[in-house]
Amino acid sequence: MVCSTARHYLAEEFDVEYCERHVRRLMTEAGLSWKTARPEFHKSDERAQEAWQDGFKKARQPGRRIHDLSH
């Protein structure tokens, strides 16, 4: 979807058309990601997801540094 949006933008703004593969290459060269994030990993087990979410919540507590997960 990101590439189709970029292709549409390039066609509208600059009147040029590129194939999806070329748009991906251009985005990669520009340091942009053409991949979209999933809200959660679709193949991970439920306990692993819960453990990750619990660790994330603890790291976001007020006054706590994100990189300090030892407590």
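Scroll up a little and you will see the structure.
Everything numeric in this text was worked out from a predicted model, so none of it was measured. Residue numbers run consecutively from 1 along every chain, following the written order of its sequence. The predicted origin of the model limits local features to residues at a pLDDT of at least 70 and limits the giving and counting of side-chain atom pairs to 80 or more, whereas totals for whole chains, interfaces and linings rest on all residues. With hydrogens and water excluded, all non-hydrogen atoms of the structure serve as input to the side-chain values.

On to the overall build of the protein chain, then. Helix and strand definitions here come from DSSP, where helices need a minimum of 4 consecutive H or I residues and strands a minimum of 2 consecutive E residues; each element is numbered from the N-terminal end. From N to C terminus, the protein chain includes three helices and zero strands. Secondary structure elements in the protein chain, listed N-terminal to C-terminal, are α-α-α. Relative accessible area decides the class of each residue, using a 1.4 Å probe on protein chains only: under 20% of the type maximum gives buried, over 50% gives exposed, and in between gives partly exposed. Looking at the 71 residues of the protein chain, the share that counts as buried comes to 11%. For the protein chain, long-range pairs separated by at least 24 residues make up 18% of all intrachain contacts whose partners lie at least 6 apart in sequence. Accessible surface is estimated by sampling points in the Shrake-Rupley manner with a 1.4 Å probe; for residues, cover comes only from the protein chains shown. Accessible surface, the protein chain: about 6,800 Å² in total, of which carbon and sulfur atoms supply 53%. It only takes one pair of heavy atoms within 4.5 Å for two residues to be counted as in contact.

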